[in-house]
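# Survey of secondary and tertiary structure
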Amino acid sequence: MILCVNSSPRKEATEYVMMKTREILDERGYETYLLNLREKEINFCKHCDFCLEEKECVFDDGMSDVYTALEEARGIVLATPVYNSGISAQLKAMMDRTRALMAKDPESLRGKIGMGITIGGDRMGGQEISLMQIHAFFILNGMIPVSGGSFGANLGATFWSKDSKEGVMKDKEGFKTLEKSIKRLAQFLDEYGRK
Ligand SMILES: Cc1cc2nc3c(=O)[nH]c(=O)nc-3n(C[C@H](O)[C@H](O)[C@H](O)COP(=O)(O)O)c2cc1C
C-alpha cells in the first residue's frame, strides 16, 4: 500500500493534486490509502518524553490511525501546501509525533520509499525548500527519498497553484514533475522497496 498524506486544511489545489497522484498510482497497479490530515485531531508533540519510557504516545488522538498507516505502507507520499516557504503546520505536527513511533521501533519506517509534493501559490514560493524539509524527514527516519530526476523534476514534484484548484489544474509543468516523480517512486519500490 502507498500512503498518500494530504496536509492542506482546504479542499483545493493539494486535494486535486493528491487525487491525480492516486489515479496515476492506480493505473500503475498500486493500492493507495488517502489520509486527509484535516480530518484528524492531531496534538502537537509536547516533548514530555512519555514515549521514550512507555513506547507509546501520551496522547490518544487522530495519530493512532496515522501510526498504523505509516507502519503498513511500503511507500509514503507527503503532499503539502507551501506556507512561509515551508511545509504546513499540519504536516509538521504529524512528523513530530512520529517520535513515538521511533521510540517504539526505530526501524519502523526504515527502507520505505518516500516522495514529496509541494504546492505554492507563487511560482517560486519555496516549493523546493519545502521538498527538502520532507526529504530530511525521510532521511532521518531511514527512508529512501525520491525525486523525478534531472531534466525537469530535479528535487521532486512541485506545483504553482496561484492559490486555487483551477490554478493548479493549468500547471502543465507541475504535472510533468509529478509524472516523473511517480515513475521514480515506482522504480524504487520495485528495485529497493520493502515487500
Ligand atoms: C499561511 C499561508 C502561508 C503561505 N505562504 C506561501 C509561501 O510562502 N509561498 C507560496 O508560494 N505560497 C504560499 N501560500 C499560498 C499557498 O501555498 C497556496 O494557496 C496553495 O495552493 C495552498 O494549498 P491548497 O490550495 O491545497 O490549500 C501561503 C498560504 C497561507 C495560507
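Residues numbered from 1 in each chain as written. Predicted model: local features only at pLDDT ≥ 70, side-chain atom pairs only at ≥ 80, totals over all residues. Heavy atoms only, no water.

### Concerning the UniProt feature "domain: NADPH-dependent FMN reductase-like" (unreviewed entry) in the protein chain
The UniProt record annotates "domain: NADPH-dependent FMN reductase-like" (unreviewed entry) at residues 2–154. Measuring from the first to the last C-alpha atom of residues 2–154 gives 22 Å, for a span that is 39% helix and 18% strand. (UniProt positions renumbered as here; feature names shortened; annotations may be inferred. Helix = DSSP H or I, 4+ residues; strand = E, 2+ residues; numbered from the N terminus.)

### Overview of the site of the ligand
For the ligand, the set of nearby residues contains 17 residues, the closest of which are R10, T14, V82, S161 and D163. Here an oxygen atom of the ligand sits 3.0 Å away from a polar atom, N or O, in the main chain of A13. For the ligand, whose free accessible area comes to 640 Å², the fraction covered by protein is 75%. Of all elements in the fold, only helix 1 (13–27) and strand 4 (113–120) reach the threshold of two or more residues within the shell around the ligand. (Near = heavy atom within 4 Å. Polar contact = N/O pair within 3.5 Å; in protein donor to acceptor, adjacent residues only side chain to side chain. Areas by Shrake-Rupley, 256 points an atom, 1.4 Å probe, with all protein chains shown as cover.)

### Here we look at the side chain of T80
Along the chain, T80 turns up in strand 3 (residues 75–81). At 2.9 Å, the side chain of T80 forms a polar contact with the backbone nitrogen of S88. Beyond its immediate stretch of four places on either side in the chain, T80 contacts S7, T14, I87, S88, L91, I117, T118, I119 and I134. (Contact = heavy atoms within 4.5 Å.)

### Notes on helix 3 (residues 63–72)
Inspection of helix 3 places M63, V66, Y67, A69 and L70 among the buried residues, and these make up the whole buried set. Contact partners of the buried residues in helix 3: strand 1 (2–6), strand 2 (32–36), strand 3, helix 4 (89–97) and helix 5 (99–104). (Buried < 20%, exposed > 50% of the residue type's maximum accessible area, 1.4 Å probe, protein only.)

### Looking at empty space enclosed by the protein
According to the stated counting rule, one finds one cavity of 30 Å³ or more in the structure shown. Approximately 100 Å³ is the volume attributed to the largest cavity. Lining the largest cavity are 14 residues, and of these C45, K46, C48, C51 and C57 sit closest to its centre. Elements with a contribution of two residues or more to the lining of the largest cavity: helix 2 (50–54), helix 4 and helix 5. (1 Å grid on protein atoms, 1.4 Å probe; cavity = no way out; pocket = protein on both sides within 12 Å on 5 of 7 lines; lining within 4 Å. Points joined across faces, edges and corners; volume = space filled by probe spheres on them.)

### Structural notes on a negative patch on the surface
Residues E53, E54, E56 and D60 make up a contiguous surface patch of negative charge. Inspection of the secondary structure puts E56 in the loop between helix 2 and helix 3. On the basis of relative accessibility, which here comes to 48%, the residue E56 falls in the partly exposed class. (Patch = residues over 30% accessible without salt bridge, like charges linked within 9 Å, V, L, I, M, F, W, Y side chains within 5 Å. Salt bridge = Lys/Arg side-chain N within 4 Å of Asp/Glu carboxyl O. Lys, Arg positive; Asp, Glu negative; His and termini not counted. Charge placed at Lys NZ, Arg CZ, Asp CG, Glu CD.)

### Describing the packing of helix 1 against helix 8 (residues 172–192)
The geometry of helix 1 relative to helix 8 is characterised by a closest axis approach of 11 Å and an angle of 40° between their N-to-C directions. In terms of orientation, helix 1 lies oblique with respect to helix 8. As helix 1 runs across helix 8, the sense of the crossing is right-handed. Facing Y16, V17, K20, T21, I24 and L25 of helix 1, the residues of helix 8 in contact are F175, L178, E179, I182 and L185. (Axes fitted to C-alpha atoms, helices over the stretch in contact; angles between N-to-C directions. Parallel < 35°, antiparallel > 145°, perpendicular 65-115°, else oblique. Left-handed = near helix turned anticlockwise from the far one by under 90°.)

### Re the packing of aromatic side chains
On inspection of all chains with the given rule, the structure shows four aromatic pairs. Centre to centre, the rings of F137 and F138 are 6.2 Å apart; their planes meet at 55°, and the pair counts as tilted. Considered together, F137 and F138 belong to a single accessibility category, that of buried residues. The interplanar angle of 65° and the centroid separation of 5.2 Å between the aromatic rings of F188 and Y192 together place this pair among those described as edge-to-face. On the criterion of helical spacing, the pair formed by F188 and Y192 is a turn pair, its members being four residues apart in helix 8. On the basis of relative accessible area, F188 is assigned to the buried category, the value being 19%. In textbook terms, an aromatic cluster arises when at least three aromatic residues are bridged by ring pairs, as seen for Y16, F159 and F175. A cation over an aromatic ring shows up here: K162 above the ring of W160, its NZ or CZ 4.7 Å from the ring centre. (Phe/Tyr/Trp six-rings, centres within 6.5 Å; stacked < 30°, edge-to-face > 60°. Lys NZ or Arg CZ within 6 Å of the ring centre and 35° of its normal.)

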